[in-house]
Amino acid sequence: MSASINNNTASTKQIIDKKIFCGVCESSCGLVATVQGDELLKLRPDPDHPNSNGFACSKGLAFGAVRDDSDRVLQPLKKSEDGSFVAVSWQQALDEIGERLNTIIKQHGRDSIGLYQGNSVAWNFGAFLNLFGMAGALKTKHLYSAASIDINGYWLVSQLLYGSNFLNPIPDVSRTDFMLCIGANPAVSHGSMANIGRFRDTMLGVTQRGGRVVVIDPRRSETAELFEHLPIRPNGDVWLLAAMLKVIFDEGLADLEALETQCSGSSILSALLAPLSLKQASEAAGISVANIEQLARDFAAAPSACAYGRCGMSIGPFATLSKYFLDVLNIATGNLDREGGWCFARPFIDLEELMHRLKSTGYDRWRTRVDGFPEVAGTAPVVSIPREITTPGKGQLRAMMVIGANPATSSPAAGELRDAFKQLDLLISQDIYITETSRLADYILPPTTWLEREGFPIFTQSHSGVPHAQWVSATVKPRGDVRDDAWIMDEISKRIGIVPADFPGAQLLGKLGIRPSPSFLMDVGLRTGPEGDWFGLRPSGLSRKKLLENNGAIKLADKLPTGILKKRMFTKDKKVNLDHAVFRTEMTRLLASSLAQDKNYPLSLISQRELRSQNTWLHNISKLVVADRVQRLRIHPNDAALYGIEEGDAVEISSPYGQIRVPEARISDEMMPGCLALPHGWGHEGGWQRAVAVGGAGYNQLTTNRADSADLPSGNATVNGISVRIRSLRDKMEMAS
Ligand SMILES: Nc1nc2c(c(=O)[nH]1)N[C@H]1C(S)=C(S)[C@@H](COP(=O)(O)OP(=O)(O)OC[C@H]3O[C@@H](n4cnc5c(=O)[nH]c(N)nc54)[C@H](O)[C@@H]3O)O[C@H]1N2
Ligand SMILES: Nc1nc2c(c(=O)[nH]1)N[C@H]1C(S)=C(S)[C@@H](COP(=O)(O)OP(=O)(O)OC[C@H]3O[C@@H](n4cnc5c(=O)[nH]c(N)nc54)[C@H](O)[C@@H]3O)O[C@H]1N2
Ligand code: SF4
Ligand SMILES: [Mo]
């Protein structure tokens, strides 16, 4: 390896600078780890990383403190009769789990076993492959993913339009003339479904070049503050996007040639848009007709433009239709697959192709047992879990393995989910902490962190603004007696007689004692893919070994490729397929939906992300939870006056489904009147002591998992735009109770 090495004195261990990438969020920023023996001395941004280009945030840089956290679980834990956890050996934990799973399988079948994939699995290729592999081998329909509180609408739209759940175009921010940013806050989140290095700076580059960025958000977010901001009513995006398209078609601004050459089924658009009234859309979005018209004209007239949207438009009741219209806006203005537009990335391992070959992608190939939701990418939605646990019958959910997730806090109707988890015959959690979820488990199996395992950015490499390749070995040795997530799943699989893999012949190979490892499988995928070395036939190509030996990421191109649409499409006609019944049904549902706000719950609550959290975790790290940090509810001055809230008040928030107490109100005109914002992922319990001490309340005690509240085609939960009411707890000392 070509790591730069400082030879200290002969008696001390060498200090090595190892170039790695951060495994906390989708940015996958390049880092330089200074390591001496087994000690991590420092993490700093990698100035030479092709994509992140010297950027890293406080979470990534502080990650050494997660590895060294004294609250980290370092040995397998087993729940004892009195509810406390006792440390057990891996052998004991795995054997007992195997035995209990075998008993459940014998009595109720393999389809009574469930798996839950959390956010952290997305940066853990071994866990990702083994988890989907286990579900495939078990032939269980109980595969749940945090993606169904986040992004299911994206997977669905990509499957129908482009032929693969995982083929998602990204905004070509570094070359665009006009970026429409809808319900995303990259200045804080650093981006999602778009791995744009230095996202905030790259957006600033658009205006510095003389272009425009317009941010659509009910809150003047950290991103909106930097650009033009158009406030929107929560869940108004679908109306805004549909109305913009109507203006574009009505005024003859659509790029009909692009629609003709790139798409099939475009006649659906006139059918969808004809019954839409701009006036109704304007009311629903809270944006004037004149502003909608101007925005549509400006977007269509820009030499290049990209409309990019994320959580603000994907965790509401019309998430699928919103995402459909977002893509159609890009397509109908001729911006798909062109410079500065909506582009397909260049992954170094063509996961989309591999998944397609393995038939792992799809939509509505089966329906869920209780609620009848269509599957999305082979998964069932999280909203249904409590009903799947409590509804008797064949396929009733009896045991669950939760991997890298904290659904007892992150999922809708979190309280109900906790109660349902308690009714399982067996709950296993793979987590680095005793969290609100893992504390409910019968066994907690502690995994390595990303600093302690081999890795490549399996998920984000498909969305990188600057195509590059990176594969790193473990930076430091695992602490305590922790094991790789993938190893844990494989060991459990062995004990129930399966190979955690879903490719043809995998189970047969298992019978012969052959269990190909995730790194072997991915290396084969890399070497036989477009960037591969074809086992020596193309010496300039890549392999795992070559990447592991390279200290740092390898740039594959300066910019995103364009003009590759036909090559990328997985649809039969190699065109974007626009016409699907589901979009017609959704449009009818939208037009019939009520815009009226419930008088008892007159305010609308949205979620907020914070720089120093990653969903429900990282609240145990002192560097990240600095002295005065508490969970704060944002409220507009008019609403504060109306509801008697003063700056710093503790506030009670009630929804039809629950009630929470938030420690502090912050009054700010950053909020749209009538709308409140609250960071989600707070209100901890369990063994992460600092996280518990920091207080706060669980946003998802206010949300519902009712099937009819979800985005119906995708089953994605609605956790944004929640109807609530509030009251001040000032002088009542009620927070103390
Ligand atoms: N620091 C930090 N970074 C993170 C995370 C984190 O917790 N903390 N989480 C990671 C994860 S898992 C994800 S998925 C990404 C998410 O990445 P983003 O989607 O960029 O992040 P959010 O902060 O959820 O941004 C959503 C924005 O939508 C706005 N919004 C809310 N409701 C509506 C609405 O109805 N319409 C519109 N137009 N806007 C609305 C919110 O005010 C907010 O500014 O972030 C990732 N990065
Ligand atoms: N109200 C509301 N709810 C939301 C959202 C919202 O905006 N508002 N956002 C939604 C979104 S976008 C998402 S992605 C989901 C996230 O939902 P989850 O995935 O359930 O939440 P996280 O907090 O990301 O949980 C990650 C867990 O993995 C553990 N962990 C960290 N590293 C590792 C590892 O290497 N291996 C293992 N096994 N465990 C590890 C952490 O300790 C933590 O407990 O939440 C969703 N829920
Ligand atoms: S932005 Fe995300 S990937 Fe980059 S350093 Fe921060 S947490 Fe890590
Ligand atoms: Mo997410």
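Residues numbered from 1 in each chain as written. Chains lettered and ligands numbered in written order. Predicted model: local features only at pLDDT ≥ 70, side-chain atom pairs only at ≥ 80, totals over all residues. Heavy atoms only, no water.

Peer 1: Any details on the environment of Leu-226? Residues and values, ideally.
Peer 2: Tracing the chain through its elements places Leu-226 in the loop between β11 (212-216) and β12 (228-230). What Leu-226 contacts, discounting residues up to four positions off in sequence, is Arg-200 and Leu-204. (Helix = DSSP H or I, 4+ residues; strand = E, 2+ residues; numbered from the N terminus. Contact = heavy atoms within 4.5 Å.)

Peer 1: Which residues make up the site of ligand 1, and what are the values?
Peer 2: Asp-217, Asn-235, Asp-237, Arg-609 and Ser-613 are the nearest of the 30 residues found near ligand 1. At 3.0 Å, a backbone N or O of Cys-311 approaches an oxygen atom of ligand 1. Contact between ligand 1 and Asn-615: an oxygen atom at 2.8 Å from a main-chain N or O atom of the residue. Contact with the protein chains removes 98% of the 910 Å² of surface that ligand 1 exposes when unbound. For the shell around ligand 1, the elements supplying multiple residues, two or more each, are α6 (186-189) and α13 (311-314). Partitioning the shell around ligand 1 into residue classes produces ten nonpolar, twelve polar and eight charged. (Near = heavy atom within 4 Å. Polar contact = N/O pair within 3.5 Å; in protein donor to acceptor, adjacent residues only side chain to side chain. Areas by Shrake-Rupley, 256 points an atom, 1.4 Å probe, with all protein chains shown as cover. Nonpolar A, V, L, I, M, F, W, Y, C, P; charged D, E, K, R; others polar.)

Peer 1: Break down the side chain of Ser-709 for me, with residues and values.
Peer 2: As for its position among the elements, Ser-709 is in the loop between α26 (689-693) and β30 (722-728). Within the structure, the side chain of Ser-709 is placed 2.7 Å from the backbone oxygen of Arg-706, a separation counted as a polar contact. When residues no more than four places from it in sequence are discounted, the contact partners of Ser-709 are Pro-317, Thr-704 and Thr-718.

Peer 1: Tell me what's going on with the site of ligand 2, and back it up with residues and numbers.
Peer 2: Residues in contact with ligand 2 amount to 32 residues; listed here are only the nearest, Asn-119, Asn-406, Ser-410, Asp-431 and Thr-616. Here Arg-453 contributes a side-chain N or O atom positioned 3.0 Å from an oxygen atom of ligand 2. Ser-607 places a polar side-chain atom, nitrogen or oxygen, 2.8 Å from a nitrogen atom of ligand 2. For the shell around ligand 2, the residue count by class is twelve nonpolar, 15 polar and five charged.

Peer 1: Hey, could you go over the packing of helix α4 (residues 125-138) against helix α19 (residues 485-495) for me, with residue numbers and the actual values?
Peer 2: For the pair α4 and α19, the least separation of the axes is 7 Å and the interaxial angle reads 25°. Comparing their axes, α19 and α4 come out roughly parallel. Note on packing geometry: the crossing formed by α4 with α19 is left-handed. Across from Gly-126, Ala-127, Asn-130, Leu-131 and Met-134 in α4, the residues of α19 making contact are Asp-485, Ala-486, Met-489, Asp-490, Ile-492 and Ser-493. Looking at the contact of α4 with α19, its residues break down into six nonpolar, three polar and two charged. (Axes fitted to C-alpha atoms, helices over the stretch in contact; angles between N-to-C directions. Parallel < 35°, antiparallel > 145°, perpendicular 65-115°, else oblique. Left-handed = near helix turned anticlockwise from the far one by under 90°.)

Peer 1: I'd like a rundown of unusual backbone geometry, residues and numbers included.
Peer 2: Of note in the backbone geometry, Ser-28 takes a positive phi value of approximately 45° without being a glycine. The residue Asn-235 is not glycine, and still its phi comes out positive at about 65°. Note on placement: Asn-235 falls in the loop between β12 and α8 (237-250).

Peer 1: Could you give an account of the nonpolar core, with specific residues and numbers?
Peer 2: Leu-180, Tyr-324, Phe-325 and Leu-578 are the most contacted members of the largest nonpolar core, which has 146 residues in total. Here the element with the most residues in this core is α8; it accounts for ten residues. Residue contacts for Phe-325: discarding those within four places in its chain leaves Val-238, Leu-241, Ala-242, Leu-245, Leu-272, Leu-273 and Met-587. Ranked by size, the runner-up nonpolar core spans 30 residues in total, among them Cys-311, Val-382, Ile-389 and Leu-417. (Core = buried A, V, L, I, M, F, W, Y, C linked by side-chain atoms within 4.5 Å. Buried < 20%, exposed > 50% of the residue type's maximum accessible area, 1.4 Å probe, protein only.)

Peer 1: An account of helix α21 (residues 518-527) is needed here, citing residue identities and associated values.
Peer 2: Of all ten residues making up α21, seven are buried, and the element is well covered by its neighbours. In this structure, the buried residues of α21 make contact with α4, α15 (351-357), α19 and α22 (544-549).

Peer 1: Explain the sheet that holds strand β20 (residues 443-445) to me, using residue names and the numbers behind them.
Peer 2: Pairing within the open sheet is mixed, and its seven strands lie in the order β6-β5-β20-β19-β18-β7-β8. Every other strand in the sheet has two partners, leaving β6 (85-87) and β8 (143-145) as the edge strands with one partner each. For this sheet, the mean angle separating the axes of adjacent strands, direction not counted, is 20°. Where strand β7 (residues 113-117) and β8 come together, three bridges link them in parallel fashion. When the bridges of β8 are listed, Leu-115 appears paired with Leu-143. (Pairing = 2+ DSSP bridges.)

Peer 1: Before we move on, can you summarise the pairing of strand β10 (residues 178-182) with the specific residues and values?
Peer 2: Extensive coverage of β10 is indicated by the burial of five of its five residues. Side chains of β10 alternate between two faces, with Phe-178, Leu-180 and Ile-182 and Met-179 and Cys-181 buried alike. Pairing of β10 with β11, which is carried by five bridges, proceeds in the parallel orientation. What sits directly across from Met-179, in β11, is Val-213.

Peer 1: Mind laying out the sheet that holds β12, listing which residues take part and the relevant values?
Peer 2: Each strand in a sheet pairs with its neighbour through backbone hydrogen bonds, running either in the same direction (parallel) or in the opposite one (antiparallel). The four strands are arranged β12-β11-β10-β14 in an open sheet whose pairing can be described as parallel. Across the chains shown, the open sheet's two edge strands, defined by having one partner strand only, are β12 and β14 (305-309). The average undirected angle you get between the axes of adjacent strands in this sheet is 20°. Two strands pair when backbone bridges link them, and β11 and β12 are joined in this way by three bridges, in the parallel orientation. Each residue of the ladder has a partner; that of Ile-216, found in β12, is Leu-230.

Peer 1: How would you summarise the packing of aromatic side chains if you had to cite specific residues and measurements?
Peer 2: Evaluation of the coordinates by the stated rule reveals 17 aromatic pairs. With centroids separated by 5.3 Å and ring planes inclined at 55°, the aromatic side chains of Trp-155 and Phe-166 adopt a geometry described as tilted. Of this pair, Trp-155 sits in helix α5 (residues 152-162) while Phe-166 sits in the loop between α5 and β9 (170-171), and the two are eleven residues apart along the sequence. Taking the relative accessible area as the measure of exposure, Trp-155 reaches 8% and is therefore buried. Residue classification places Phe-166 among the buried residues on the basis of a relative accessible area of 14%. For the ring pair Phe-199 and Tyr-308, a centre distance of 5.7 Å and an interplane angle of 40° mean the geometry is tilted. Of this pair, Phe-199 sits in helix α7 (residues 199-208) while Tyr-308 sits in strand β14, placing them 109 residues apart in sequence. Here Phe-199 and Tyr-308 have matching classes, each one buried. Among the aromatic side chains, those forming a connected cluster through ring pairs are Trp-123, Trp-155, Phe-166 and Phe-459. When the ring centre of Tyr-154 is taken as origin, the NZ or CZ atom of Arg-310, which lies over that ring, is 5.2 Å away. (Phe/Tyr/Trp six-rings, centres within 6.5 Å; stacked < 30°, edge-to-face > 60°. Lys NZ or Arg CZ within 6 Å of the ring centre and 35° of its normal.)

Peer 1: Break down the pattern of salt bridges for me, citing the residues and quoting the values.
Peer 2: Evaluation of the coordinates by the stated rule reveals 57 salt bridges. Measuring nitrogen to oxygen at the nearest pair gives 3.5 Å for the salt bridge that ties Glu-283 to Lys-279. Taken as a pair, Glu-283 and Lys-279 lie in helix α11 (residues 278-285) at a separation of four residues, close to a single helical turn. For Asp-490, the salt bridge goes to Arg-515, with nearest N and O atoms at 3.1 Å. (Salt bridge = Lys/Arg side-chain N within 4 Å of Asp/Glu carboxyl O.)

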